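Architecture at a glance
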Amino acid sequence: HGKSSQTIKSVIGLSGPYHFIPRDEDLMDMFGPPSAYPQMQVGTFVNPDMPALYMLWGAKDEVVAKINIDNVQRAAREKGASDRIHVKTYDDLDHAGTIKAFTWVFEHNSNVVADVMDILAREY
């Protein structure tokens, strides 16, 4: 099959729970039985031919822990896809800070928008 202009070239994630194991009962119920957990974990699907994955995360995030990024990076190393994974950490942002950067009400001077625009210019 040939590639079309619709092929995904990269993915940019903002503060995402990329690779975790549900611990809270409501999350365990939402994501199904433990045997289904790998199907929600990005690390299950990383491979050398995947689109580039850019994970942008605020170091003050108390909702989604850094272990999510660490787990994806570990899986990528194990599967020979480390060059497909890119991480940018913003020391001064919390969980919502990465998306707030795109709103007019966000008063904090963040580089998130500039970084996303740079990624898009490079990839597309």
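Residues numbered from 1 in each chain as written. Predicted model: local features only at pLDDT ≥ 70, side-chain atom pairs only at ≥ 80, totals over all residues. Heavy atoms only, no water.

Relative to the helices and strands, I12 is located in strand β1 (residues 10-14). Residue I12 is classed as partly exposed on the basis of its relative accessible area of 27%. Between the alpha carbons of I12 and M117 there is a distance of 11 Å; along the sequence they are 105 residues apart. Not counting residues up to four positions away in its chain, the partners in contact with I12 are Y54, L56, V116, I119 and L120. (Helix = DSSP H or I, 4+ residues; strand = E, 2+ residues; numbered from the N terminus. Buried < 20%, exposed > 50% of the residue type's maximum accessible area, 1.4 Å probe, protein only. Contact = heavy atoms within 4.5 Å.)

Residues Y18, V46, M50, L53, M55, W57, I69, V72, A75, A76, A81 and I85 constitute the largest nonpolar core, which totals 12 residues. Every element with two or more residues in this core is listed here: β2 (52-58) and α2 (67-78). Considering every element that reaches this core, the biggest residue donor is α2, with 4 residues. Leaving out residues up to four positions away in the same chain, L53 has contacts with V11, V42, V72, R84, I85 and H86. (Core = buried A, V, L, I, M, F, W, Y, C linked by side-chain atoms within 4.5 Å.)

This paragraph deals with α2. Compared with the 16 Å implied by 1.5 Å per residue over 12 residues, the 16 Å span of α2 between its first and last C-alpha is a close match. Along α2, the residues that are buried comprise N68, I69, N71, V72, A75 and A76. Here the buried residues of α2 occupy an arc of 160° about the axis, which is enough to place them on one side. Along α2, the residues that are exposed and aim more than 90 degrees away from the buried face are R77 and E78. Buried residues belonging to α2 abut β2 and β3 (85-90). (Expected span 1.5 Å × (residues − 1). Arc of directions from axis to C-beta.)

As a further point, take the pattern of salt bridges. As enumerated under the stated definition, the model contains 4 salt bridges in all. Across the pair K66 and D70 runs a salt bridge, and its minimum N-O distance is 2.6 Å. Looking at K66, the relative accessible area reads 37%, which means it is partly exposed. Looking at D70, the relative accessible area reads 28%, which means it is partly exposed. E78 is the salt-bridge partner of R74, the closest N and O atoms lying 3.6 Å from each other. Taken together, the residues span about one helical turn, with R74 and E78 both in helix α2 at a distance of 4 residues. (Salt bridge = Lys/Arg side-chain N within 4 Å of Asp/Glu carboxyl O.)

Turning to its location among the elements, P17 is positioned in the loop between β1 and α1 (25-30). Exposure remark for P17: the relative accessible area of 45% places this residue in the partly exposed category. For the pair formed by P17 and D70, sequence separation is 53 residues and the distance between their alpha carbons is 11 Å. For P17, the residues in contact, after removing those within four places along its chain, are V64 and N68.

For the α-helix, the turn length of 3.6 residues means that residues three or four positions removed from each other point alike. With 12 residues, helix α4 (residues 112-123) extends 16 Å from end C-alpha to end C-alpha; this agrees with the ideal 16 Å at 1.5 Å per step. Buried residues belonging to α4 abut β1, β2, β3 and α3 (97-100).

The pairing of β2 with β3 spans 6 bridges and is classified as parallel. Bridging from a neighbouring strand, L56 pairs with K88 of β3. (Pairing = 2+ DSSP bridges.)

All we've got here are geometric facts, nothing functional implied.
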